Amino acid sequence: MTKSDPIFDAVTGPGSPFEIGERGGMRRFVNAPSDLNQMIERARAFGDREMIVEGDLRLTYAQGFARRDALALMLDINKGDRVGLCMKNSAAWMIGYLAILARGGVVVAVNSRGAPSELAAMLDDVGAALVLADGDRAGRLREGGYAGRIIEAQDFPMEASAPLDPVEPLAADDAAAILFTSGTTGRVKGAVLSHSNLIHGIMLMQLSGVMILHSMAQKYGTDVETLRSHMPQSSVLQVYPLFHISGMGSAFLSPLLAGSKIVVMHRWDPEEALGLIAAERISMFTGVPTMLWDVLNRAHLEDADLSSLTNIGTGGQALPVNLLDAIRAACPQAFMGTGYGLTETSGSVAQAVGEDFIRNRAAAGRVLSLVDMKIDAPAGEAGEIMVRGPMVMKGYWNRPEDTAAVLSQDGWFRTGDIGLIDEEGYVFIVDRKKDMVISGGENIYCAEVERVMGSMDGVAECAAFGIADERLGELLVAIVVATDVTADAIKAEVGEKLARYKAPGHILFVDEPLPRNAVGKVDKIKLRAMWPDLAGA
């Protein structure tokens, strides 16, 4: 997506919905609303179209908005109040999200897979006086010591007792959501995303979709509106956790605003996914490489009906070229795409779709139109990727020092990722400055795992890091110096104190002190090199 592209010029020119202008030294969509809820309200017009499918539950847009209005009346919150959302992927999560915004609240999206103490700590950190939770998480919150008000999903009302009076529109810079992330210290931080941040992140996704439509229309020799009128309702398979920016943005808000059908999966299962793709005529499927491998390797592809898929995307880690070729062979009708982004950037800051992606498969995408991106290194060398734009977060909640460490006063955000940008704007991720492992699309911060392991009786030293894994992308492993401690005990402790998926997949015990570098830190480069020999011993 570049300014020299005639399609791009047509859809972003003066008077268009995606017209681009400059304000405050940044490129922006000049026709963007200031309040995310104003965008959401437009989706009410989709009426009888199916909105959410979750098991036997099927809600139209009219029914979904009726439930949203009813819950919003029940919340009894003020503008700017922070309200927790703590439940598995579900219609209730989405209705809760819309209801909070409808009353001018700030959505606090917590990791529903966390341990009780972890969940309570996140909510206490941001001062959330109310939480919307499913029954399981409500119990965990109380166990973790959360003392605020909880409304359980089973108690959500179906119909409003009175009309919902709209709140005064919020300012573009007002907070809309807080999503949690961690740094190299392992401390959980709440990234504050404003209405403008999320709106611009969503509109960048929408612009990508419009570009695809124009390309398809050009390919078939027709105009966009004619093509659109002959297309069935788009249907999205919701597999990303909704508390992730990828789940919240690309698999929920963006499809919602387009009038798409959102089909919910509670947990990943390839057989179930293939069944839903066929039964619900899923057209958009975005998942981490693990999921795509599962579809190919474990779900009997020869018996699967994938003919409805027109868009397949991935993110979170590099897409292996052999996987790309296999997916293209199985779904030749589908546009493939990839993207690179972070919680702090409200989603993707680089993206490549279709031929743009295929011709440079090793790239993580091309820098998007509103994004300024630079490398903190001499020309031609790899360095830390820095980005600026209207989608970059306001900062970390109540963490001024952490915010100042990554976000400059003129808006440049340090991503913590090491990469390169070529002359065409393709981004290549070389390494991660942050000590983090991406396993099955989940971010696992080594520091927090090491903190839990290191606090156990008998553990003298420990180090956690990632190794390559064909299915998961990376597998978290650990090397430990300890006495009278078992691998099962360590896994159980990490699972209880953090979350089960954060427990190391393999743990090796050694008798010698761990190698350290010149500044006295554990040398994980040496440990990774030693791992094959240690594991094979």
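Look above for the structure.
Attention here is on the structure that accompanies the text.

Conventions we followed
Residues numbered from 1 in each chain as written. Predicted model: local features only at pLDDT ≥ 70, side-chain atom pairs only at ≥ 80, totals over all residues. Heavy atoms only, no water. Helix = DSSP H or I, 4+ residues; strand = E, 2+ residues; numbered from the N terminus. Rg over C-alpha atoms; globule rule 2.2 N^0.38 Å. Buried < 20%, exposed > 50% of the residue type's maximum accessible area, 1.4 Å probe, protein only. Contact = heavy atoms within 4.5 Å. Areas by Shrake-Rupley, 256 points an atom, 1.4 Å probe, with all protein chains shown as cover. Salt bridge = Lys/Arg side-chain N within 4 Å of Asp/Glu carboxyl O. Phe/Tyr/Trp six-rings, centres within 6.5 Å; stacked < 30°, edge-to-face > 60°. Lys NZ or Arg CZ within 6 Å of the ring centre and 35° of its normal. Pairing = 2+ DSSP bridges. Axes fitted to C-alpha atoms, helices over the stretch in contact; angles between N-to-C directions. Core = buried A, V, L, I, M, F, W, Y, C linked by side-chain atoms within 4.5 Å. Parallel < 35°, antiparallel > 145°, perpendicular 65-115°, else oblique. Nonpolar A, V, L, I, M, F, W, Y, C, P; charged D, E, K, R; others polar. Disulfide = S-S within 2.5 Å.

**Details of the overall build of the chain**
Each helix and strand counted, the chain has 17 helices and 27 strands in total. Against the 2.2 N^0.38 benchmark of 24 Å for 537 residues, the chain shows a C-alpha radius of gyration of 23 Å, consistent with a compact globule. Each principal axis of the C-alpha distribution contributes one length, and for the chain these read about 70 × 55 × 55 Å. Classification of the 537 residues of the chain by burial places 56% in the buried group. Taking the contacts inside the chain whose residues are at least 6 apart along the sequence as the reference set, 67% of them involve residues at least 24 apart. When the accessible area of the chain is evaluated, it comes to approximately 22,800 Å², of which 50% is carbon and sulfur surface.

**Some remarks on the environment of L179**
Note that L179 resides in strand β9 (residues 175–182). As for L179 and E344, which are separated by 165 residues in sequence, their C-alpha atoms are 8.6 Å apart. Ignoring any residue separated from it by four or fewer positions in sequence, one finds L179 in contact with A109, K189, G190, A191, L193, F243, H244, I245, M248 and T343.

**A look at the pattern of salt bridges**
For the coordinates displayed, the defined rule picks out 30 salt bridges. The residue R137 makes a salt bridge to D134 at a minimum N-O spacing of 3.2 Å. Residue D356 is joined to R359 by a salt bridge in which the shortest nitrogen-to-oxygen separation is 4.0 Å. For D356, a relative accessible area of 16% corresponds to the buried category. Salt bridges linked by common partners bring E41, R44, R68 and D69 together as one network.

**Focus on the packing of aromatic side chains**
Counting across every chain of the model gives 7 aromatic pairs. Look at W93 and F252: their rings are 6.2 Å apart centre to centre, the planes differ by 85°, and that puts the pair in the edge-to-face class. With W93 in helix α4 (residues 91–102) and F252 in helix α9 (residues 245–257), the pair connects residues that are 159 residues apart, well separated along the chain. With relative accessibility at 0%, the residue F252 sits in the buried group. When the ring centre of Y396 is taken as origin, the NZ or CZ atom of K189, which lies over that ring, is 5.0 Å away.

**Considering the sheet that holds strand β26 (residues 473–482)**
Here we have 3 strands laid out as an open sheet, ordered β25-β26-β27, and mixed in their pairing. The open sheet has two edge strands with one neighbour each: β25 (459–469) and β27 (506–509). Between one strand and the next, the sheet's axes are offset by a mean angle of 25°, whatever the strand orientation. Examined bridge by bridge, β26 and β27 share 4 bridges and lie parallel to one another. Counted as the bridge partner of V480 is F509 from β27. The sheet contacts of helix α15 (residues 446–454) involve β25 and β26, and relative to β25 the element is tilted by about 145°. Sheet contacts for helix α17 (residues 524–536): β25, β26 and β27; angle to β25, the most-contacted strand, approximately 80°.

**Focus: the nonpolar core**
By size, the foremost hydrophobic cluster in this structure holds 82 residues, and its most contacted members are L36, W93, Y97, L132 and F252. When residues in this core are grouped by element, the largest group, 11 residues, is from α4. Excluding anything up to four places from it in sequence, L36 contacts Y97, L101, H195, L198, I199, I202 and L253. Counting residues in each nonpolar core, the second largest holds 30 residues, with M265, L274, F285 and L292 among its members.

**Comments concerning the packing of helix α5 (residues 116–126) against helix α6 (residues 135–144)**
In the contact formed by α5 and α6, the axes pass within 7 Å of each other and the chain directions differ by 80°. Classed by the angle they form, the pair α5 and α6 counts as roughly perpendicular. Contacts from P116, S117, L119, A120 and L123 of α5 reach α6 at R140, L141, E143 and G144. Here the contact of α5 with α6 is built from residues that sort into 5 nonpolar, 2 polar and 2 charged.

**Observations regarding unusual backbone geometry**
Positive phi outside glycine occurs at D76, with the angle close to 55°. By the element assignment, D76 lies in the loop between α3 (61–75) and β5 (82–86). We classify D76 as exposed; its relative accessible area is 67%. Its identity as a non-glycine residue notwithstanding, R281 has a phi of 50°, on the positive side. Secondary-structure assignment places R281 in the loop between α10 (270–279) and β13 (284–286). Residue class for R281 comes out partly exposed when judged on its relative accessible area of 39%.

**Concerning the pairing of strand β10 (residues 188–194)**
Among the 7 residues that make up β10, 6 are buried, leaving the element largely enclosed by the rest of the structure. Of the pairings in the sheet, the one linking β10 to strand β20 (residues 395–396) comprises 2 bridges and is antiparallel in character. Looking across to β20, one finds that A191 is bridged to Y396.

**Thoughts on the state of the cysteines**
According to the stated counting rule, one finds 0 disulfides in the structure shown. Free of any disulfide, C462 has its nearest neighbouring cysteine sulfur in C446, separated by 11 Å.

**Let's talk about the environment of V371**
Looking at the secondary structure, you find V371 in the loop between β17 (365–367) and β18 (372–376). Distance in space between the C-alpha atoms of V371 and R388 is 6.0 Å, their sequence separation being 17 residues. Excluding residues within four positions of it along the chain, V371 makes contact with R27, V349, V387, R388 and M391.

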